[in-house]
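# Secondary and tertiary structure notes
The chain contents come next:
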Amino acid sequence: MSGVLVGAIEEGVSSARFLVFSPKTTNVVASHQIPIKQITPQEGWVEQDPIEILDAVKTCINVTAEALQKKNIKLSDLAAIGITNQRETTVVWDIKTGQPLSNAIVWLDNRTSTTLDKLLEKIPNKNKNYLKSISGLPLSPYFSALKLRWLMDNEPKVQKAIYEKQCLFGTIDTWLLWNLTGGINGGVHVTDVTNASRTLLMNIQSLKWDPILCRFFNIPMNILPTILSSSEIYGTLTSGPFKGIPISGCLGDQHAALLGQMCFKKGQAKSTYGTGCFLLYNTGYTKVDSNHGLLTTVAYKLGKSTPAVYALEGSVAVAGAAINWLKDNLKVMNSVSEVENIASHVMHTGDVYFVPAFSGLYAPYWQQEARGILVGLTEETEKGHIIRASLEAVCFQTRDILEAMHKDCGYPLSQLQVDGGMTSNNLLMQLQSDLCGIPVVRPLMVESTALGAAMAAGHAEGIGVWDLDHMQPKISDTFYPVITDEERDKRYHKWKCAVERCFHWDVTTPQDPNIL
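These numbers were taken from a predicted model, which means no experiment stands behind them.

### With respect to the sheet that holds strand 12 (residues 246–252)
Spatially, 3-2-1-5-12-11 is the arrangement adopted by the six strands of the open sheet, whose pairing is mixed. In the strand order of this sheet, the two ends are held by strand 3 (28–35) and strand 11 (231–236), each with one partner. Strand after strand, the sheet turns through a mean of 25° between neighbouring axes, direction not considered. One ladder, built from seven bridges, connects strand 2 (residues 15–21) with strand 3; its direction is antiparallel. Bridging across to strand 3, Phe18 finds its partner in His32. The sheet contacts of helix 1 (residues 50–70) involve strand 1 (5–11), strand 2 and strand 3, and relative to strand 3 the element is tilted by about 150°.

Below, the structure written as structure tokens:
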């Protein structure tokens, strides 16, 4: 007997997954995963096919259902399903046909830099924090509002659909929810507060779409989904093996990981290592405004009448993506599984520093004109040094964010909880502890993001199969610092010097003919 189960759809940049958890043990009972292609029409552009994403999710659900049946587990044991998703990625579609009006613009995409420049022209002193007091976010190509504005300016299909009042907008959660609950036949057009808080269109205090923000970007409010909590029944699946099962949890992936890591208390934080790296710090019911380059975001809201919990967030654009770049572009390895072994063959980086600012730097710098640099090369430099420097870059960028959080909140973290695919690399975890000077705690159950979505779904009113108040701490292993403060700070100082050298590289001003 498996008892009651809860499912979780996890849709990220690299893959779609469906996992089924036991609320009693938090163990994964069955799962399936399908990779998702990235489309790069131009340098800096990253797109995905919304139909491919939807089909992959449906296939994952079907294959997982078959796996449960092979284990003699009844499909009716599934009480609810949660969704967690890559945030900011923007989809627009036709309400009558259900067809996307363009490919989804992925959060990594940097095409909206020109859109941002135009918007900054109408702001006093071109202040990127002009809307931060309302939205919690700086103006950046990262967020959904600029991606939607770009589509409205450049895609005739989108313009026509908006004019004819047939256009719907959503992040990936909204696209999936609408389709899985009926699509053109009554699908619910909703999102949750965590995803909405990443659009630059939601008021971070009222948790509603803000007329001032929508007017600033000239975005019609009728195309926006309804904002709901992260834990309530949104609708039910209308087809497939789990037809009739409620979808009752929804969070952006980083928020779901915070929940899955059980960071319920103010002052707890987690860092997720994947394509990018994202550190969220629970600030409780208090909205903390950052003065050091961090974002104010909603951590989660677990019920219609439950107050929102807030967080400070630091986002790193390139973490695991740098490893893929070394493999695919520079061909320094055949598989990412070789990283730890190659990097361990050298005891240090040979004083090489790698700043992987391929499309600018996110928190705490917010330098969209920055570009990647590799400094400190000598005749002795070999691929192990460069690969190790790419791992240290992840750690240094995490320290950048921790330093900013310390300044904003007044006290440092005593330990860092981690999750995500890159955490299987023991060398990376040890380097992270060494370069930040605090213990790094890695749960042995690595599915924190999907677990958080399942927890929210199982906790929802009307479902009630997941008791968040009496969860047992997850079994973890811990990495402790083994280098001196002096060495740690010396290496961090050189990292900061390298970062400064990559600023303002991608500039559009004419080159000075006397520069050479």
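### Things to note about the sheet that holds strand 15 (residues 295–300)
Taken together, seven strands build an open sheet; the order of strands is 15-16-14-13-19-20-21 and the sheet is mixed. The outermost strands of the open sheet, each flanked by one partner alone, are strand 15 and strand 21 (476–479). For this sheet, the mean angle separating the axes of adjacent strands, direction not counted, is 30°. Contacting strand 13 (269–273), strand 14 (277–284), strand 15 and strand 19 (416–419), helix 9 (residues 253–260) crosses the sheet at an angle of about 55° to strand 15. Relative to strand 20 (residues 440–443), helix 13 (residues 426–436) is tilted by about 150°, and along the sheet it contacts strand 13, strand 19, strand 20 and strand 21.

### Overview of the packing of aromatic side chains
Throughout the structure, instances matching the rule amount to 20 aromatic pairs. Each ring, one from Phe216 and one from Phe217, has its centre 5.0 Å from the other, and the planes form 85°; the classification is edge-to-face. Ring pairing ties together the aromatic residues Trp107, Tyr142, Phe143, Phe278, Tyr362 and Trp366, which thus form one cluster. Across the ring face of Phe216, the terminal group of Lys122 is positioned such that the distance to the ring centre comes to 4.6 Å. Stacked on the ring of Tyr492, the Lys or Arg Arg399 has its end atom at 4.0 Å from the ring centre.

### Considering the pairing of strand 12
With seven of seven residues buried, strand 12 is to be regarded as a mostly interior element. Looking at chain direction, strand 5 (residues 78–85) and strand 12 are connected through five bridges and run parallel. Considered in strand 12, the bridge of Gly82 is made with Gly249. Sheet analysis places strand 11 next to strand 12, joined by three bridges and oriented antiparallel. Residue Ser231 lies in a different strand from strand 12, and its bridge partner there is Gly249.

### What about the UniProt feature "domain: Carbohydrate kinase FGGY N-terminal" (unreviewed entry) in the chain?
Taking the UniProt record as the reference, the feature "domain: Carbohydrate kinase FGGY N-terminal" (unreviewed entry) is found at residues 7–260. For residues 7–260, the helix share is 31%, the strand share is 24%, and the end-to-end C-alpha distance is 14 Å.

### Some words on the environment of Pro35
Tracing the chain through its elements places Pro35 in strand 3. According to the relative accessible area criterion, Pro35 is exposed, its value standing at 61%. Along the backbone, Pro35 and Leu302 are 267 residues apart, and their C-alpha atoms lie at a distance of 30 Å. If sequence neighbours within four positions are ignored, Pro35 has contacts with Ser14, Ser15 and Glu52.

### As for the nonpolar core
Counting 114 residues, the largest nonpolar core has Leu139, Phe217, Ile219, Tyr273, Val355 and Leu391 as its most contacted members. Among the elements that make up this core, the one with the highest residue count is helix 12 (residues 383–409) (13 residues). Mapping this core onto the domain boundaries places at least three of its residues in each of domain 1 (5–259 + 282–315 + 447–459) and domain 2 (316–436 + 480–502). The contact partners of Tyr273, leaving out residues within four places of it in the chain, are Val394, Thr398, Leu416, Val418, Asp419, Gly420, Gly421, Met422, Thr423, Leu428, Met429 and Gln432. Listed in part, the 39 residues of the second largest apolar core include Ile36, Val57, Leu75 and Cys250.

### Details of the UniProt feature "domain: Carbohydrate kinase FGGY C-terminal" (unreviewed entry) in the chain
Residues given the UniProt feature "domain: Carbohydrate kinase FGGY C-terminal" (unreviewed entry) here are residues 270–460. For the annotated span residues 270–460, helix accounts for 34% and strand for 21% of the residues, and the straight-line distance between the end C-alpha atoms is 23 Å.

### Focus: unusual backbone geometry
A cis geometry characterises the amide bond from Ala363 onward to Pro364, with omega recorded as -5°. Looking at the element boundaries, Pro364 is found in the loop between strand 17 (353–355) and strand 18 (373–375). The backbone phi angle of Lys331 is positive, close to 60°, even though this residue is not glycine. Turning to its location among the elements, Lys331 is positioned in the loop between helix 10 (320–328) and helix 11 (339–344). Phi angles above zero are rare outside glycine, and Trp366 is one such case at about 50°. Take Trp366: it is sitting in the loop between strand 17 and strand 18. Here Trp366 falls in the buried class, since its relative accessible area comes to 15%.

Conventions and cut-offs
Residues numbered from 1 in each chain as written. Predicted model: local features only at pLDDT ≥ 70, side-chain atom pairs only at ≥ 80, totals over all residues. Heavy atoms only, no water. Pairing = 2+ DSSP bridges. Helix = DSSP H or I, 4+ residues; strand = E, 2+ residues; numbered from the N terminus. Axes fitted to C-alpha atoms, helices over the stretch in contact; angles between N-to-C directions. Contact = heavy atoms within 4.5 Å. Phe/Tyr/Trp six-rings, centres within 6.5 Å; stacked < 30°, edge-to-face > 60°. Lys NZ or Arg CZ within 6 Å of the ring centre and 35° of its normal. Buried < 20%, exposed > 50% of the residue type's maximum accessible area, 1.4 Å probe, protein only. UniProt positions renumbered as here; feature names shortened; annotations may be inferred. Core = buried A, V, L, I, M, F, W, Y, C linked by side-chain atoms within 4.5 Å. Domains from an automatic or database assignment.

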